[in-house]
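Secondary and tertiary structure notes
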Amino acid sequence: MKRWWPYPLLTAALVAMWLLLTESVALGSILMGTILATVALWGFAALDPPGGRLKRPRAAFALAGLVMADIARSNLAVAKIILNPRKTERVSGFLRIPLDMRAPYGLATLACIITGTPGTIWVEYNSANNSILLHILDLIDEKTWIDTIKGRYEKRLMEIFE
């Protein structure tokens, strides 16, 4: 059974989502949703996701809350920049930040956090020297950005993934 449906609860959730999106509970919709969910989860299983339970759920929830607050704050800051284009003190730029974290899932999560936050984009990861290159819309103080990435995100991600 595990071979056909490696994640039965996720399969059921995807089928339910499919039925909600198609607005139909006809037999054809149920079959199509089941087939699509099964194939999608076979692909997911091939990616070899990490097994087991979350070791530090409090740290993960605290990080999620922090990220949501930072995204909201960043949305307001970017809106001010866009709605007030006459200010000239805004400087965009690239910034390379050295990292201590090497966990692949931690790096992937950091990439999602940085790219999901308006005004910042993850441009490159250099595995040779374990550093990332970011483009920042409003690069005022490089040290503040380095402290933010390393202190707010990397430290918490290392606690969760390493």
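Quick summary incoming for the structure in this document.

The rules we used
- Residues numbered from 1 in each chain as written.
- Predicted model: local features only at pLDDT ≥ 70, side-chain atom pairs only at ≥ 80, totals over all residues.
- Heavy atoms only, no water.
- Salt bridge = Lys/Arg side-chain N within 4 Å of Asp/Glu carboxyl O.
- Helix = DSSP H or I, 4+ residues; strand = E, 2+ residues; numbered from the N terminus.
- Buried < 20%, exposed > 50% of the residue type's maximum accessible area, 1.4 Å probe, protein only.

1. Focus on the pattern of salt bridges
- Applying the stated rule across the entire model yields 6 salt bridges.
- A salt bridge links E159 to R56, with the shortest nitrogen-to-oxygen separation between them at 3.8 Å. In this pair, E159 is assigned in helix α5 (residues 142-161) and R56 in the loop between α2 (27-46) and α3 (57-83), connecting sequence segments 103 residues apart.
- Relative accessible area serves as the criterion here: at 44%, R56 is assigned to the partly exposed category.
- Of the charged contacts in the structure, one is a salt bridge between R96 and E124, with a shortest N-O distance of 2.7 Å. Residue R96 is located in strand β1 (residues 93-98), and its partner E124 is located in strand β2 (residues 120-126); the two are separated by 28 residues in the primary sequence.

2. Some remarks on the environment of W42
- You can see W42 is positioned in helix α2.
- Residue W42 is classed as partly exposed on the basis of its relative accessible area, which comes to 37%.
- Residues W42 and V91, 49 residues apart in the sequence, show an inter-C-alpha distance of 46 Å.

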